[in-house]
Amino acid sequence: LYRRLWPHLRPHAPVLALGLGLLLLSIPATNFHPIAWKYIVDDVVGKRQPHLLLPAVGAMLLVQALGSALGALRANLLEKVGQRLVTDLRNAAADKL
């Protein structure tokens with residue numbers, strides 16, 4: 001199956017690689033939220049250091065926003081590649097018929 005699809009995927013390989021790279025960046029960024037809360041609860045609240053609360057929450061929100069933006073960009077890119085692949089396959093089927 002992959003051998004038959006590869007000629008149609010090859011023109012889109014750079015965008016697929018970019019989508020994979022964005023996936024590898026966005027997933028850890030969106031999973032940063034629990035790690036930040038652990039730090040806030042253990043170090044900021046537990047050790048009574050309220051001056052660290054604002055930077056910790058700011059970093060958490062910044063990383064979460066970055067992860068969401070990268071995830072949206074990845075989804076958009078891969079959706080376009082998927083649509084172009086389907087178009088290529090339909091054109092190849094029509095040419096063959």
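Keep in mind that what you see is a predicted model, and the values were worked out from it rather than measured.

(A) Local environment of the environment of Ala-75. Locating Ala-75 in the fold gives a position in helix H4 (residues 53-96). Residue Ala-75 is classed as partly exposed on the basis of its relative accessible area of 40%.

(B) Representation of the pattern of salt bridges within the structure. For the structure shown, the criterion picks out two salt bridges. With its nearest N and O atoms 3.2 Å apart, the salt bridge here joins Asp-42 to Lys-38. Taken together, the residues span about one helical turn, with Asp-42 and Lys-38 both in helix H3 (residues 32-45) at a distance of four residues. The residue Asp-43 makes a salt bridge to Lys-47 at a minimum N-O spacing of 3.6 Å. The class for Asp-43 is partly exposed, based on a relative accessible area of 24%.

(C) Fine view of the packing of helix H2 (residues 13-30) against H4. Packing of H2 against H4 brings their axes to within 8 Å, and their N-to-C directions diverge by 155 degrees. One way to sum up the angle between H2 and H4 is to call them roughly antiparallel. Remark: the crossing between H2 and H4 carries left-handed chirality. Where H2 approaches H4, its residues Val-15, Leu-16, Leu-18, Gly-19, Leu-22, Leu-23, Leu-25, Ser-26, Ala-29 and Thr-30 are matched on the opposing element by Val-63, Gln-64, Gly-67, Ser-68, Leu-70, Gly-71, Leu-73, Arg-74, Leu-77, Leu-78 and Val-81. Here the residues of the contact of H2 with H4 are counted per class, giving 13 nonpolar, seven polar and one charged.

(D) Representation of the confidence of the model for the protein chain in the model. Scored by pLDDT, the protein chain has a mean of 93; 100% of the residues are at 70 or more. Confidence, read as mean pLDDT per element, is least for helix H1 (residues 2-9) in the protein chain (87) and greatest for H4 (94).

So, how was this worked out
- In this numbering scheme, every chain counts its residues from 1 along its sequence in written order.
- In view of the model being predicted, local features appear only for residues whose pLDDT reaches at least 70, and side-chain atom pairs are presented and counted only at 80 or more, with totals across whole chains, interfaces and linings using the full set of residues.
- By convention in this description, side-chain values take in all heavy atoms of the structure and omit both hydrogens and water.
- Only runs of H or I of at least four residues qualify as helices and only runs of E of at least two qualify as strands under DSSP, and these elements are numbered from the N terminus.
- Only protein chains enter the calculation, and the probe is 1.4 Å; a residue is then buried if its accessible area is under 20% of its type maximum, exposed if over 50%, and partly exposed in between.
- A carboxyl oxygen of Asp or Glu within 4 Å of a side-chain nitrogen of Lys or Arg is what we treat as a salt bridge.
- Axis angles are defined between N-to-C directions and span 0 to 180 degrees, where every axis is a line fitted to C-alpha atoms and, for a helix, only to the segment in contact.
- Angle categories: roughly parallel below 35 degrees, roughly antiparallel above 145, roughly perpendicular from 65 to 115, and oblique for all the rest.
- If you view the pair so one helix is near and one far, a crossing is left-handed when the near helix is turned anticlockwise from the far one by less than a right angle, and right-handed when it is turned clockwise.
- Contacts: residue pairs with any heavy atoms within 4.5 Å of one another.
- As a working rule, the residues Ala, Val, Leu, Ile, Met, Phe, Trp, Tyr, Cys and Pro are called nonpolar, Asp, Glu, Lys and Arg charged, and the rest polar, with Gly in that last group.
- The predictor rates its confidence in each residue with pLDDT, a number between 0 and 100.

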